[in-house]
Amino acid sequence: SKVRIYTIAKELGIDNAEMLSILDDLGVSYKSVSSTIEEDTVELIKGIIAEGGSRAAQSGAGASTEAEAAQTSQTQTPQPQTQVQPEQVAQAPATAAPAADSGMTAEELAELAALEAEEAAEQAATAARAELPHRAPVVTIMGHVDHGKTSLLDYIRSSKVAAKEAGGITQHVGAFEAQTSRGKVVFIDTPGHEAFTTIRARGANVADIAIIVIAADDSLMPQTREAIAHAQAAGVPMLVAINKVDLPQADPERVKADLTTINLVPEDYGGDVITVPVSARTGEGVEDLLEYISLTAELEDLRADPKGKFGGVIIESRVDKQAGVLATVMVQEGTLKVGDFLVVGENYGKVKAMTDSAGKRIKDAGPSTPVQILGFSEAPSSGELVASASNEHEARELVAQRQEQRRDEEEARKKPRLSLDDILGPLSEAHTVNLILRADTQGSLEAIQGILAKKETDDVKLNVMLAGIGAPTEGDVLLASTADATILCFSVVPSGAVKKAAENKEIDLKSYRIIYEMIDEVDRLIKGNLEPVY
Ligand code: GDP
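Attention in this report is confined to the structure presented alongside it.

## Notes on the overall build of the protein chain
For the protein chain, the count of helices and strands is 18 helices and 21 strands. Across the 534 residues of the protein chain, 43% fall into the buried class. Considering only residue pairs separated by 6 or more positions, the protein chain has 69% of its internal contacts joining residues 24 or more positions apart. Looking at the protein chain as shown, the accessible area adds up to about 27,900 Å², and 50% of this sits on carbon and sulfur atoms.

## Things to note about the environment of Val 433
With respect to the helices and strands, the residue Val 433 is situated in strand β18 (residues 431-439). In sequence terms Val 433 and Lys 461 are 28 residues apart; their C-alpha atoms lie 6.1 Å from each other.

## Some details on the site of the ligand
Asp 146, Thr 150, Ser 151, Asp 246 and Ala 280 are the nearest of the 15 residues found near the ligand. Contacts to the ligand include Asn 243, whose side-chain N or O atom sits 3.1 Å from an oxygen atom. In the model, an oxygen atom of the ligand is placed 3.0 Å from a nitrogen or oxygen of the Lys 244 side chain. For the ligand, the accessible surface in isolation is 570 Å², of which the surrounding protein chains cover 76%. Of all the elements, helix α8 (residues 149-160) adds the most residues to the shell around the ligand, at three residues.

## Quick notes on the sheet that holds strand β17 (residues 385-389)
Spatially, seven strands are ordered β13-β12-β17-β9-β10-β16-β14 in an open sheet, and the strand pairing comes out antiparallel. Both edges of this open sheet fall to β13 (347-350) and β14 (353-356), since each of them pairs with a single strand only. Taken over all neighbouring pairs, the strand axes of this sheet differ in orientation by 35° on average, direction set aside.

Reading the values: the criteria
- Residues numbered from 1 in each chain as written.
- Predicted model: local features only at pLDDT ≥ 70, side-chain atom pairs only at ≥ 80, totals over all residues.
- Heavy atoms only, no water.
- Helix = DSSP H or I, 4+ residues; strand = E, 2+ residues; numbered from the N terminus.
- Buried < 20%, exposed > 50% of the residue type's maximum accessible area, 1.4 Å probe, protein only.
- Contact = heavy atoms within 4.5 Å.
- Areas by Shrake-Rupley, 256 points an atom, 1.4 Å probe, with all protein chains shown as cover.
- Near = heavy atom within 4 Å.
- Polar contact = N/O pair within 3.5 Å; in protein donor to acceptor, adjacent residues only side chain to side chain.
- Pairing = 2+ DSSP bridges.
- Axes fitted to C-alpha atoms, helices over the stretch in contact; angles between N-to-C directions.

Don't take any of this as a statement about function, it's just geometry.
Following this line, the structure appears as structure tokens:
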């Protein structure tokens, strides 16, 4: 019979990373910690653990067996010594045995030494990072309208956020901290849930994990696909919450089957996509979802330096009639303190007061903490990066530098010059043409994708980031701008607002009524990416 990797790790009292490293050593393949392995393998692992004691303490990252570890250390320090038993060496790896005993040729020894040097360098880098404390995961919830994003956030907020003292009003500040049995989880909670895409469009990734909410009575919908495309483009791990399972007409199996059609294969279909049935109404499954979030975060090994240079990003901001500008900042690195100077774009401000997401006054905030700040004179836009300066003078200088840089860039844009790249074509190998496809029906989308698949060459790859039914959205334009994609529409008409957004962001947005005209455009895009042949 088969068992899940993380279950076994828990049972054996080792962490997931160590478990995976043992599996790697054994040459067992897996997709994630939620993959299953054979009972026999488990026995093998138990043996290794019993034999080796704490492997982590013994060998750090992942030497394979004691004998091998011993041999490695023999070659590391070839001091003339004789008759050292492998067990002894394993216990004292620093002082070791003669190379002559290893039975290796000089060439093999040299190769091993090179490998070891490489590994040591890698381990040093990993070790430096491993010194940093863990930080809480920042999670965003995305999905189709009415599938339950707000309800799910409300449920988590009301059940996992410590009740405020009487009289306090809960204010939405764009993010909140939930206390779970496995530690803090930070949720992005902005009206309209656009922060993720807007912030991404500006180049900062604020979320570590994306929850894609899909209603069990409605399955995949256009915005579900959009959300998935955004998470994929951001390279953020996804968890699928199949919501509304309390409804009699709920059909979670259909959602899973539908996911396979867009290459997201759920675990019980043999894939690695984690799906969690939940109900934002009854709370069923929400604990499981939180557990999976912590598990995913553990695997991502999220760390940040609270003592490092401060870096953050604006989640949202608003102007309060009495207080003035209130901005929510997510601290990503370092620690933010009352009295610090902050620079956002070409503005700066001094942190006059700071509250946490529950409205409590605080004096400092470390990584993965959303804080509301009073002190900016102008409302910054969500997604803008926040830097700090140690005093007003420094803040002003930074702003001046940025202004100068912007002017230079504006100047440069005015006089177009041919670069070497323009003449010779970029010199990288395979080029990728990113596309967003929009069509009136699933049938036309499939037809178009079928033709496009045959257009790919060794030199130019076509990457369809999103293939959606219906007119393109402003979300598509954002996605296109983060990935430098072209939006092609077939038999659907973009709205004026979307056209305008595309214009502003200088995105190619084209509409066709005849498939082959659209394909001709793709041919042109491919040609544009080919290196000239001499
Ligand atoms: P959003 O647009 O994705 O934020 O969706 P909402 O959270 O506003 O939910 C849309 C509707 O679905 C509301 O009427 C909710 O009460 C309802 N809803 C949300 N989650 C559930 C659920 O788990 N079960 C049931 N029965 N209804 C739900």
